[in-house]
Amino acid sequence: MSASKFVLAQRALLAALGVLGGGMAAGAADLGGGCCADLEERIAELEATTAKKGNRKVSLTISGWVNEAVFFWDDGTERNAYTGTNSLEQSRVKFTGDAKLDAGWSAGYVLELGINSHASNKWDQDNINSSSDGTAGVRKSNWYLKSKTLGKLTVGLDGAATYHLLDDADGVNTRNYADAEAAAVAQGSFFLRSADGSLNGLRWSDVLRGINNGTPGQNTRRNVVRYDSPEIMGFVGTASWGEDDMWGLALTYKDSWGDFRVLGKVGYEHNGDEGVSACNKIGSGMDCEWWGAAGTILHAPTGLYAYGGYGEQNDHSESKFDPAANDQDRMWFLQAGIERKFAALGKTTVFGEYRKDDAGSNLDKSFTSGGVGGYVHGSDMTFLAAGAVQTIEAAAMDVYVIYRHGEGDTSNSGGAKVNLEDFDMVMTGARIQF
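The rules behind these values
Residues numbered from 1 in each chain as written. Predicted model: local features only at pLDDT ≥ 70, side-chain atom pairs only at ≥ 80, totals over all residues. Heavy atoms only, no water. Phe/Tyr/Trp six-rings, centres within 6.5 Å; stacked < 30°, edge-to-face > 60°. Buried < 20%, exposed > 50% of the residue type's maximum accessible area, 1.4 Å probe, protein only. Lys NZ or Arg CZ within 6 Å of the ring centre and 35° of its normal. Core = buried A, V, L, I, M, F, W, Y, C linked by side-chain atoms within 4.5 Å. Helix = DSSP H or I, 4+ residues; strand = E, 2+ residues; numbered from the N terminus. Contact = heavy atoms within 4.5 Å. Pairing = 2+ DSSP bridges.

S.K.: Give me the packing of aromatic side chains: which residues, what numbers.
M.R.: Enumeration according to the criterion identifies 16 aromatic pairs in this entry. On the basis of an interplanar angle of 65° and a centroid distance of 5.7 Å, the ring pair of W73 and Y82 is categorised as edge-to-face. For Y82, a relative accessible area of 6% puts it in the buried group. When the centroid spacing of 6.3 Å and the interplanar angle of 50° are considered together, the rings of Y253 and W257 count as tilted. Within the aromatic cluster, the residues linked to one another by ring pairs are F71, W73, Y82, W123, F190, W204, F383 and F423. Between the NZ or CZ atom of K152 and the centre of the ring of Y144, over which it lies, the distance is 4.4 Å. The ring of W65 carries R431 above its face, with NZ or CZ at 4.3 Å from the centroid.

So this is what it looks like as structure tokens:
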């Protein structure tokens, strides 16, 4: 029974007691008249502590999670351990609501806030603190109209058509801990260390490309008008437009094939916006496009699965600014493992992972090596990972431990090439939902 219904029931009981004869009233008087006053006081306390919403027509649901971990890292010369929020899927609180318009239509809203107690994607070798620590930011703010037969129309801050396109094709419980962009997020703000042990002033995020978290093939949250079709034979189509001149299309497929569970996503997006959603910070006449495809197939009886995908970004405005620029960024990855309920606690997911990046130019970042300077022209990066995620169903909690390794080289427009020190990280923590 909800708190409001409980309060109404208590008041009804009091009214019923009042209808009874004077004998009851006299009995109450004999007790000094304190019983009902005490009950009214308890009811007032209950009303004061009950969560309320603005009206009775639109529902209110509060959900979210807290995701904190310890990160042990080694860049070949220096090593340390930091503790804070896992920025791959930061802590957050989400408010959602829905109102039924008639049998087939509803209207609703989403308001989601991200919480940065101590953001892991802002750390580097010299500084563990950042201006984002202890802050909250708006992740989503939108309203929608939804029809069972016509689909869903959303207006406001929400995911674009290719938002988390590769990540959301992860059909197992590595989605929040080791998805397609996890490698880039884990060490993105750390400085690159050359093989001779020196820091060259670049961060991993300067050489890894992609409009969202150094991962080509997908977008982030934007101010858009978005349409999601109803599900038809396992397929859902998505289209979005916004941010002055950004549009995209995506297709999602989810179904079971006998003993196999299948999830797949593919999408394309184009950006001509020269403002906040630019692919780079130079030149004019923004012309950037990207596409990606990813999927998961899981054998239900054994729990064996494979998850992989490919992403590509072409920033044509770079080659317009400098014909010698490498305007193509490519990435592919493969993860395989097993997900089964080995113990009563909940499902266990054990996995291994490989990611390969062939990233192009970044005209906004430059470095000098051996007396040769120039902007970042390209990089060849390899990432390896392995880990385990244990679900604790009774607490809506996941506990995880993951090892990541990064290696590669980068070059500049002057022709200088720098081999990089390997970067290793072990992260262990937990995400608890509410």
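Now that the structure is up, let's keep going.
S.K.: Quick one: what's the story with the nonpolar core, residue by residue and with numbers?
M.R.: Ranked by size, the top nonpolar core spans 42 residues in total, and within it L166, F190, W204, F333, M381, I402 and M425 carry the most contacts. Per-element accounting of this core gives the leading share, four residues, to strand β18 (residues 372–392). Not counting residues up to four positions away in its chain, the partners in contact with L166 are A180, T215, P216, Q218, G292, A293, A294, Y307, Y310, G311, M331 and F333. In terms of nonpolar packing, the next biggest core, distinct from the first, is built from six residues, M246, C279, M286 and C288 among them.

S.K.: How would you explain the side chain of N67 if you had to name every residue and give the values?
M.R.: Inspection of the secondary structure assignment puts N67 in strand β1 (residues 61–74). We classify N67 as buried; its relative accessible area is 0%.

S.K.: Talk me through the pairing of strand β10 (residues 235–242); I want residue IDs and the actual numbers.
M.R.: As judged from the five bridges shared by strand β9 (residues 221–228) and β10, these two strands associate in the antiparallel manner. Directly across from Y227, in β10, lies its bridge partner A239. From the end of β9 to the start of β10, which pair antiparallel, there are six residues, and M233 there has a positive phi angle of about 55°. Inspection of the sheet shows β10 paired to strand β11 (residues 246–257) by eight bridges, in the antiparallel sense. When the sheet's bridge partners are listed, G237 is paired in β11 with L251. Between β10 and β11, which follow one another and run antiparallel, lie three residues, and E243 among them has a positive phi close to 50°.

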